[in-house]
Amino acid sequence: MVTEEFRQCPNCGYERGFHVFFRKVKGKTRIGLICPNCGQSYDLGWLTTGIKTLKTESGLMY
């Protein structure tokens, strides 16, 4: 079985995953990835209407 995954940054080769970003676009929220090593961002086309605001609030800590 071949598994496809996007784990390594094509820009710098960092292999330990990504951070996420959230950006409001025309009433939706775009979710993308940022390489924590070089800062390159990747838009994978993920959009959601489930995030109403990007304002942060104090909450539970894990």
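Residues numbered from 1 in each chain as written. Predicted model: local features only at pLDDT ≥ 70, side-chain atom pairs only at ≥ 80, totals over all residues. Heavy atoms only, no water.

Draft legend 1. Molecular detail of the overall build of the chain. Assigned secondary structure in the chain consists of zero helices and three strands. Ordered by position from N to C terminus, the α and β elements of the chain give β-β-β. Taken along the three principal axes of its C-alpha coordinates, the chain extends 35 × 30 × 30 Å. Taken across its 62 residues, the chain has 18% of its residues classed as buried. (Helix = DSSP H or I, 4+ residues; strand = E, 2+ residues; numbered from the N terminus. Buried < 20%, exposed > 50% of the residue type's maximum accessible area, 1.4 Å probe, protein only.)

Draft legend 2. The environment of Y14, seen in detail. Its location among the elements puts Y14 in the segment before β1 (19-25). Residue classification places Y14 among the partly exposed positions, given a relative accessible area of 25%. Along the sequence, Y14 and G39 sit 25 residues apart, while their C-alpha atoms lie 11 Å from each other.

Draft legend 3. Examining the environment of L54 more closely. Turning to its location among the elements, L54 is positioned in the segment after β3 (41-48). In this structure the C-alpha to C-alpha distance between L54 and R30, which are 24 residues apart in sequence, comes to 11 Å.

Draft legend 4. Structural context of the pattern of salt bridges. According to the stated counting rule, one finds one salt bridge in the structure shown. One salt bridge in this structure joins D43 and R30, with 3.1 Å as the shortest N-O distance. Placement of D43 in strand β3 and of R30 in strand β2 (residues 28-34) is noted, with a sequence separation of 13 residues between them. Given the relative accessible area of 47%, D43 is considered partly exposed. (Salt bridge = Lys/Arg side-chain N within 4 Å of Asp/Glu carboxyl O.)

Draft legend 5. Quick peek at the side chain of T29. Assignment of secondary structure puts T29 in strand β2. Engagement of the side chain of T29 in a polar contact is seen with the side chain of K24, the distance being 3.2 Å. At 3.4 Å, the side chain of T29 forms a polar contact with the backbone oxygen of I51. (Polar contact = N/O pair within 3.5 Å; in protein donor to acceptor, adjacent residues only side chain to side chain.)

Draft legend 6. Representation of the nonpolar core within the structure. In terms of nonpolar packing, the biggest core is built from five residues, these being C9, F18, L33, C35 and Y42. Beyond its immediate chain neighbours, meaning those up to four positions away, Y42 contacts F6, C9, P10, N11, F18, F21, G32 and L33. (Core = buried A, V, L, I, M, F, W, Y, C linked by side-chain atoms within 4.5 Å. Contact = heavy atoms within 4.5 Å.)

Function cannot be inferred from these measures alone, as they are strictly geometric.
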